[in-house]
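What follows is each chain in one-letter form.
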Amino acid sequence: MSLKIQQEGRAVMLGRYITENKTTVRAAANHFGISKSTVHKDVSERLRTEDPELYANVKDILEINKQERHIRGGLATKRKYAAIAHRKRPYK
């Protein structure tokens, strides 16, 4: 049964994945093939009632991700412009 249909226990599965891999909501969504909104709703609302201890762990990881997002954004921008500069270099 796919994750899109199966809501029962999905929040716990997502929470475990995020804590085991110390990953972001976006990465979890990509891994399971569901939307970021669904992952966020599952781990921030449904998980609280299904597994409060796991919820606390996920919340800590998501808080760290939130604090680091400006750094990730800056690195992504740096990679973007480095790739553009590399394409513009003349061939020798």
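Residues numbered from 1 in each chain as written. Predicted model: local features only at pLDDT ≥ 70, side-chain atom pairs only at ≥ 80, totals over all residues. Heavy atoms only, no water.

**Q** Which residues make up the overall build of the chain, and what values do they have?
**A** Along the backbone of the chain there are four helices and zero strands. A compact globule built from 92 residues would reach a C-alpha radius of gyration of about 12 Å, whereas the chain, at 17 Å, exceeds it by more than 25%. C-alpha extents for the chain along the principal axes are approximately 60 × 30 × 20 Å. Burial analysis of the chain (92 residues in total) assigns 27% to the buried set. By sequence separation, contacts in the chain at least 24 residues apart represent 57% of the contacts at least 6 residues apart. On the chain, roughly 7,000 Å² of surface is accessible, and the fraction owed to carbon and sulfur atoms is 53%. Charge-centre separation for the chain: the mean point of 20 positive side chains lies 18 Å from the mean point of 10 negative side chains. (Helix = DSSP H or I, 4+ residues; strand = E, 2+ residues; numbered from the N terminus. Rg over C-alpha atoms; globule rule 2.2 N^0.38 Å. Buried < 20%, exposed > 50% of the residue type's maximum accessible area, 1.4 Å probe, protein only. Contact = heavy atoms within 4.5 Å. Areas by Shrake-Rupley, 256 points an atom, 1.4 Å probe, with all protein chains shown as cover. Lys, Arg positive; Asp, Glu negative; His and termini not counted. Charge placed at Lys NZ, Arg CZ, Asp CG, Glu CD.)

**Q** Let's hear about the packing of helix H2 (residues 25-32) against helix H3 (residues 36-50): which residues, and what values?
**A** Contact geometry of H2 with H3 gives a least axis separation of 8 Å together with a crossing angle of 115°. As judged from the angle between their axes, H2 and H3 are roughly perpendicular. In this structure, the crossing between H2 and H3 has a hand that is right-handed. Only Lys36, Val39 and His40 of H3 make contact with H2, whose side of the interface consists of Val25, Arg26, Ala28 and Ala29. Classifying every residue of the contact of H2 with H3 gives four nonpolar, one polar and two charged. (Axes fitted to C-alpha atoms, helices over the stretch in contact; angles between N-to-C directions. Parallel < 35°, antiparallel > 145°, perpendicular 65-115°, else oblique. Left-handed = near helix turned anticlockwise from the far one by under 90°. Nonpolar A, V, L, I, M, F, W, Y, C, P; charged D, E, K, R; others polar.)

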